[in-house]
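Listed below, chain by chain, are the residues.
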Amino acid sequence: MNFKIPVLLGASFLLLLSCNKKEETKDNNSHPDKTTTTQNDTLQAEEAPRKESINLFTLTYRDSTDVAFVSLSDIYPLNDTASDTLALPNIEKMEKSASKYFTLEKKYRNHFLSKTNISETDSLFVYDYAKNKLASFAIKNLKAAAWINGYSSEEDWPYRRYDYMIGFEISKQNLNGFGDYYSNVIVYAGKENPFAKGPLKPIVWKKIARKEYPSKPMKAEDITALKNTIPGNTYSYTTESHQYFLQDYLDSHKIIYTRRLLIADSKTKEIIIDKVYTQSEGTSPAPLNGENGDESFDQYTGKLFKNKPEVVFGFQYESFGCPAISIIDKSNEDIYLQCDNRH
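About the cut-offs
Residues numbered from 1 in each chain as written. Predicted model: local features only at pLDDT ≥ 70, side-chain atom pairs only at ≥ 80, totals over all residues. Heavy atoms only, no water. Helix = DSSP H or I, 4+ residues; strand = E, 2+ residues; numbered from the N terminus. Buried < 20%, exposed > 50% of the residue type's maximum accessible area, 1.4 Å probe, protein only. Core = buried A, V, L, I, M, F, W, Y, C linked by side-chain atoms within 4.5 Å. Contact = heavy atoms within 4.5 Å. Pairing = 2+ DSSP bridges. Polar contact = N/O pair within 3.5 Å; in protein donor to acceptor, adjacent residues only side chain to side chain. Phe/Tyr/Trp six-rings, centres within 6.5 Å; stacked < 30°, edge-to-face > 60°. Lys NZ or Arg CZ within 6 Å of the ring centre and 35° of its normal. Salt bridge = Lys/Arg side-chain N within 4 Å of Asp/Glu carboxyl O. Disulfide = S-S within 2.5 Å.

Caption draft 1: Quick peek at the overall build of the chain. The helix and strand inventory of the chain stands at two helices and 20 strands. When each of the 343 residues of the chain is scored for burial, the buried share is 54%.

Structure (structure tokens):
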């Protein structure tokens, strides 16, 4: 899957992980609410960054440059209070062109690392799950940089602190073999590599009769979401550990409006995952793998993390938020990517 989210800057990149990320206004510095449900039409203010069991970031393709960029602004939100003097230098004293992208001097870099709990002795682990390719970079060898987000323009100069994404730059020469635009890349900063390098597998869907779909009562909120829809195609996929079942629901125009995903234990047949993905103002169904007759995959599953159960993702595109990776166990945990989506 590609984590599909709107392109912020340069070439058409995220969705990563397909892909994935926050409605922002310059007056109130608000963020949309990233909830644990897949249905969310309402954008709500967040007072603090969302706490995930592991912070994963996306890698942005910087068009016409020789570097890629990892934004950590979701865990390091900038504000424009006078007391935040170590966040960034005085932009008004910089030339307009130079203020669009610049590396952080030592005191600003140290402040950034302190606020994100990252050490110079840590590493940045960059994993392309579609190609099963991992690269790691010592933090001490990476430049920290500030980059104007894609929704700011020269008319906004002098830019405010909030207008910047803060993160690390990586030379594209060190990312040879990674996918174009890094749309299947996720990034982690820390002491040890968390990725299992399974590799993940794209799901190969098989159409099945509707009667083969497991009979499991729906949650009340899901019944509401499916109001005025009719069942469409039904699909399955089986691995050694799990059985995956997917049911389409169509609107009055026979367009896919909702999908319901059930995942069962292959041996016990117990339903572990029951999720509904619904069309909304900020979300839309992702094509199923092979649906468009190409090699573009969205749904992946397998062992992504060393210390967590298997995962599944890739059923939904996000416009206002960031995509999530679902853990396949009874915790029902969704790990949302920190994708710095400022749409």
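Caption draft 2: Examining the nonpolar core more closely. Counting residues in hydrophobic clusters, the biggest one holds 37 residues, and the most contacted among them are Leu59, Tyr164 and Phe168. Broken down by secondary-structure element, the contributors of at least two residues to this core are β1 (57-61), β2 (67-71), α1 (106-116), β4 (123-128), β5 (133-138), β6 (143-148), β7 (164-171) and β8 (185-190). If one sorts the elements of this core by residue count, β7 sits on top with four residues. Those residues within four positions of phenylalanine 168 in sequence are excluded, and the remaining contacts are Ala68, Phe69, Val70, Leu72, Phe112, Leu113, Ile118, Leu124, Ile139, Leu142, Lys143 and Ala144. Membership of the second largest hydrophobic core comes to 18 residues, among which are Ile186, Phe195, Ile327 and Ile335.

Caption draft 3: Structural view of the sheet that holds strand β13 (residues 256-265). One open sheet holds the five strands; their spatial order is β10-β11-β12-β13-β14, and the pairing between them is antiparallel. Single-partner strands in this sheet number two, and they are β10 (206-207) and β14 (271-278). Pairing between strand β11 (residues 230-238) and strand β12 (residues 242-250): seven bridges, direction antiparallel. Bridged to tyrosine 237 within β12 is tyrosine 244.

Caption draft 4: Representation of the environment of histidine 242 within the structure. The residue histidine 242 is located in strand β12 in this model. Linking histidine 242 and glutamate 310, residues 68 residues apart in sequence, is a C-alpha distance of 9.6 Å. Here histidine 242 is in contact with Tyr237, Ile263, Ala264, Asp265, Ser266, Ile272, Glu310 and Ile328, once residues within four sequence places are set aside. Reaching out from histidine 242, the side chain makes a polar contact with the side chain of serine 241 at a distance of 3.1 Å.

Caption draft 5: Geometry of the side chain of serine 280. Relative to the helices and strands, serine 280 is located in the loop between β14 and β15 (283-285). Given the relative accessible area of 14%, serine 280 is considered buried. Engagement of the side chain of serine 280 in a polar contact is seen with the side chain of threonine 283, the distance being 2.6 Å.

Caption draft 6: Structural view of the packing of aromatic side chains. Applying the stated criterion to the full structure yields 20 aromatic pairs. A ring pair is formed by phenylalanine 69 and tryptophan 147, whose centres lie 5.2 Å apart and whose planes are at 75 degrees; its orientation type is edge-to-face. Of this pair, phenylalanine 69 sits in strand β2 while tryptophan 147 sits in strand β6, and the two are 78 residues apart along the sequence. An aromatic cluster of three or more residues is present, and its members are Trp205, Tyr235, Tyr277 and Phe315. Seen from the ring of tyrosine 101, arginine 62 lies directly overhead, with NZ or CZ sitting 3.8 Å from the centre. Directly above the aromatic system of tyrosine 162 lies the positively charged group of arginine 342, at a separation of 5.1 Å from the ring centroid.

Caption draft 7: Fine view of the pattern of salt bridges. Under the criterion given, the structure shown has 12 salt bridges. Taking the shortest distance from any N to any O, the salt bridge between aspartate 222 and lysine 219 comes out at 4.0 Å. Of the residues examined, lysine 219 reaches a relative accessible area of 35% and is grouped as partly exposed. Because the salt bridges share partners, they merge into one network encompassing Lys216, Arg260 and Asp274.

Caption draft 8: Region of the structure containing the pairing of strand β19 (residues 324-327). In this structure, strand β17 (residues 311-313) lies alongside β19, joined through two bridges in antiparallel fashion. If you follow valine 311 over to β19, its bridge partner there is isoleucine 327. Note: β19 against strand β20 (residues 334-336), three bridges, orientation antiparallel. Within β20, the residue paired with alanine 324 across the bridge is tyrosine 336. Where β19 folds back on β20, the antiparallel hairpin that results is connected by six residues, among which asparagine 332 adopts a positive phi of roughly 60 degrees.

Caption draft 9: How the structure looks around the state of the cysteines. Enumeration over the complete set of coordinates arrives at one disulfide. Between the sulfur atoms of cysteine 322 and its disulfide mate cysteine 339 the distance is 2.2 Å. Between cysteine 322 and cysteine 339 the sulfur-sulfur dihedral comes to about -85 degrees; the bridge is accordingly left-handed. Placement of cysteine 322 in the loop between β18 (316-318) and β19 and of cysteine 339 in the segment after β20 is noted, with a sequence separation of 17 residues between them.

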